[in-house]
Amino acid sequence: MKISQKEFVFNNEVVTRFDLYNSLFLTLPFYQVKSTGTLLPFFKSHVEEGIGQQISPVEIIESFFTKYQQYIKDTDRFHLLFRFIQYIERQVVLFDAIEDSAFSKLETTDDSSSLQVLLQQVNNQPENHAKIREALQKFSLRLVLTAHPTQFYPGSVLGIITELTEALKVNDINEIYLLLQQLGKTPFLNKQKPTPVDEAVSLAWFLENVFYQSASSIKEKLDTEFDFLAEDEHQTIELGFWPGGDRDGNPNVNLKSTQAVTELLRKVIYRCYARDYKNLRKRLTFRGVEQYMAELEKQFNKQTKPEDLQANNQSAIILENLEAIKVVLQRDHDSLFINLIDDLIRKVKLFGSYFATLDIRQDSRILRKTHQYCLSETPIRHRLPNDYADQTEEEKLRNIRFVEADFYTPDLADDMVKDTLNTIRYIKEIQETNGMKACHRFIISNCQQASDILQLMNLFLWSGWKAENLTIDFVPLFETVNDLKEAGEVMEKLYTSPFYTAHLQKRNNRQTIMLGFSDSTKDGGYLMANWSIYKAKVELTAISRKYGIDLAFFDGRGGPPARGGGKTHRFYASMGHEIANDYIQLTIQGQTISTQYGSIDSARFNMEQLINAGIVSALNQQSGDTVNEKGRKLIDDMAAVSYQSFMKLRGNPLFLPYLEHLSPLKLLSEINISSRPVKRNSGAELKLEDLRAISFVTAWSQLKQNIPGFYGVGTALKKTEEDGKWEDLKNLYRQSSFFKTIIDNCMMSMSKSNFNITANLANDPKYGEFWTILKNEYELTNALLLKLSDTKVLMEEAPVERQSIALREKIILPLVVIQHYALQQLYSQDLNEEATNLYHKLVVRTVYGIVNAGRNLA
């Protein structure tokens, strides 16, 4: 069969080189590394053979040790399994680095969605060129870095991957060998859980080493192509930051961590500026610029030394001096090195004194509790009716009053109340020190009613803020299927509130609404979640346009399709005129940051894809981009069937026990990758509603079943076929980019599933029937997806991605079997404390390699 150019490059640059460099592991000067590396291929073959025969993981492991009788003692067996895990972990790192090193070669062979191709297409089309220029004057892309627990590589390993990638680009064998030695000595897990500030430091590395250059280079490309000035106020790219600001369900984030992260972001951006200034100083040795250069040096020195930190935003002074230098260069020095000045002006305009906007997020239940507390305190008492807290939503909206106060929280107040009110007060200080954009968004999680927003505004007014100068954007977050249904009504109540509309007018009449993909999938299944968000966007767009509001959607997306990930840019390119798409805002979390934005090349490519998507959506809003009435009815019916199927599964009494006993769910809290607890109400008994979506999706991915990414889709497809609407569905798949992206991302989830690994459960007395239900839905979905897409294998249209997934799954297959072996041993027999701890460690260690290999599993 003929292969594409991209497949040819992948085979040469990734597959062949992995086989070559993988052999270097055997030569590393480490204890027993050669024997481990020599024995591992035999173990892999034994595992593959056992899975093919549907033997249980326990039987596979024990029969292997029967064959290799030198491992008689339990301690020797444990040691070998741990050595296998360590070896495979490093193979995954090597594969990551090799694939990353080939990134530019792979993407240039298929870059139809890149910004460069779009610009080339319109270069000779003046009309479209003008349209894009006009669109870019409003469009913006905001990437928000979050500290969600999905990054399983510690910072030290990420650093090695970066250096290894660079060495692999030039095939520097000596450097590669040294880095593999370093990798062999570097631990893959943290001894302690990171603090919120630790997480901020880790993510700030990407800001400093990746986004500082990649974001400004894209802006330079757009400035050059469309004759924008470096000094222009509008910024096409914006960065956001959650570590130290995201309090939702994380009691470890407090005022001190927010203060520390604010100072960190300022320090890091000025460190970047100072480096650029040093390069400037080497070049600008001309007369006429001395006084301006001296002032710049003074400013950068002040900002990089904490003891001299200025109490107000200095970026305006820096820009003033840079622009003065630019005038001198233009007037007296033939514009020599003016490109360096423009570059720094562009960066200061992009990043200010803050680098990335620090978002504050808190759960509505905490905010309600804080509001109620304030109503019992002087000087706020009696400002609202005594029975306000017990009133209906309609009564609250009628009776709420907005009165300014200067209330300081008493020391005896609840810790959450104190933190909420003190943080609200501190936001003003952030704005004064780092600029208004440094912290201007407060996100209300679990937002269910208009009063959640209005009461939060009161908390600001009671904490020293003035209504005339309330430079805050209040962002409701709608997450569950039910909340998404009610979102339109909530926003209409806000848009008809005189106080809120007056506030919006002061904020350029723009409203940001955040929609959560992860919790909606856990709440209603894959198809219903995606469709509910689409419908919510249509309704919210219509209501916002009705009231003349400029709407921006902020999507809370995770890595895998089950959490809103996958081919993200395709979603945005497929938005029709019914959905506001002038701004693209999304979270990028943990593992996704390092895999998609871990290098300047990959970050630039992925940001350009999203900008391309926004422009394409703006230019091509014909009816074909929007789901028509017939297609909408089709998806609506399918989503309802899928939802019923998923809810029936969730209602099965074995649903949670299955996850608890057969996946590492209960042990995820022992993985030191995040300051966030695995579930809300961390001290209480495990309930599905408290379980974080990340933990929920990760547990299923470890089982290699990925239920949140496909369950119910097959049942919905079958019902559509039975109703005689199959041809209509095929037409929808061919014509609707939105629907096709949903289906294609579902295929990606299923490509990372392998029910053969757990096939022995079919005869399990407790879980056999439940496992069969899952397996049958997988088989049904697989068959009908192939029929719908007219393909023979999943992801046939993306052969390189399919091959990459297959190779990664093959590398970590022994880890999956070791994990299931350890879990079965833990739950099937009484063990002493030492054995229990060892099996626990086996499970926890395998999680790292499995997630890292998947790249977007968590």
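Right above here is the structure, for reference.
Description of the structure in this document. (Residues numbered from 1 in each chain as written. Predicted model: local features only at pLDDT ≥ 70, side-chain atom pairs only at ≥ 80, totals over all residues. Heavy atoms only, no water.)

1. A look at the overall build of the protein chain
Right, on to step 1. Secondary structure assignment for the protein chain yields 34 helices and 9 strands.
Right, on to step 2. With respect to the principal axes defined by its C-alpha atoms, the protein chain has extents near 80 × 70 × 60 Å.
Right, on to step 3. Burial statistics for the protein chain: of 858 residues in total, 61% are counted as buried.
Right, on to step 4. Summarising the internal contacts of the protein chain: among those between residues at least 6 apart in sequence, 81% fall at separations of at least 24.
Right, on to step 5. When the accessible surface of the protein chain is summed, it comes to about 34200 Å², and 49% of that surface belongs to carbon and sulfur atoms.
Right, on to step 6. Of note, the protein chain has its 99 positive side-chain charges centred 1 Å away from the centre of its 108 negative side-chain charges. (Helix = DSSP H or I, 4+ residues; strand = E, 2+ residues; numbered from the N terminus. Buried < 20%, exposed > 50% of the residue type's maximum accessible area, 1.4 Å probe, protein only. Contact = heavy atoms within 4.5 Å. Areas by Shrake-Rupley, 256 points an atom, 1.4 Å probe, with all protein chains shown as cover. Lys, Arg positive; Asp, Glu negative; His and termini not counted. Charge placed at Lys NZ, Arg CZ, Asp CG, Glu CD.)

2. What to know about the packing of helix α27 (residues 655–662) against helix α28 (residues 693–702)
Right, on to step 1. Interhelical geometry of α27 versus α28 gives an angle of 65 degrees and a closest axis separation of 10 Å. On the basis of the axis angle, α27 is roughly perpendicular to α28. When the axes of α27 and α28 are compared, the crossing they make is left-handed. Of the residues in α28, those in contact with Phe655, Tyr658 and Leu659 of α27 are Phe696, Ala699 and Trp700.
Right, on to step 2. The residue inventory of the contact of α27 with α28, partitioned by class, reads 6 nonpolar, no polar and no charged. (Axes fitted to C-alpha atoms, helices over the stretch in contact; angles between N-to-C directions. Parallel < 35°, antiparallel > 145°, perpendicular 65-115°, else oblique. Left-handed = near helix turned anticlockwise from the far one by under 90°. Nonpolar A, V, L, I, M, F, W, Y, C, P; charged D, E, K, R; others polar.)

3. Brief notes about the layout of surface pockets
Right, on to step 1. By volume, the second largest pocket amounts to about 820 Å³.
Right, on to step 2. If you go around the second largest pocket, you meet 36 residues; those closest to its centre are Glu233, Glu238, Met436, Lys437 and His440.
Right, on to step 3. Counting residues per element, the ones that place at least two in the lining of the second largest pocket are β1 (140–146), α13 (315–332), α14 (338–351), β6 (473–478), α20 (498–506), β7 (510–516) and β9 (583–589).
Right, on to step 4. Residues that form the lining of the second largest pocket fall into these classes: 10 nonpolar, 16 polar and 10 charged. (1 Å grid on protein atoms, 1.4 Å probe; cavity = no way out; pocket = protein on both sides within 12 Å on 5 of 7 lines; lining within 4 Å. Points joined across faces, edges and corners; volume = space filled by probe spheres on them.)

4. What about helix α31 (residues 737–751)?
Right, on to step 1. Between its first and last C-alpha atoms α31 spans 21 Å; for 15 residues at 1.5 Å apiece the expected length is 21 Å, and the two agree.
Right, on to step 2. Counting buried positions over the 15 residues of α31 gives 13, a clear majority of the element. (Expected span 1.5 Å × (residues − 1).)

5. Quick look at the pattern of salt bridges
Right, on to step 1. Evaluated as defined, the whole model comprises 52 salt bridges.
Right, on to step 2. In this structure, glutamate 578 and arginine 632 form a salt bridge, with 2.7 Å as the shortest nitrogen-oxygen distance. Of the two residues, glutamate 578 sits in the loop between α23 (568–573) and β9 while arginine 632 sits in helix α26 (residues 629–650), which places them 54 residues apart along the sequence.
Right, on to step 3. Here aspartate 637 and lysine 725 are joined by a salt bridge, their closest N and O atoms 3.9 Å apart. One end of the pair, aspartate 637, is in helix α26; the other, lysine 725, is in the loop between α29 (713–722) and α30 (726–735), and 88 residues separate them in sequence.
Right, on to step 4. Among the residues examined, aspartate 637 registers a relative accessible area of 29% and is labelled partly exposed.
Right, on to step 5. Through salt bridges that share partners, Lys138, Arg510, Asp550 and Asp582 make up one connected network. (Salt bridge = Lys/Arg side-chain N within 4 Å of Asp/Glu carboxyl O.)

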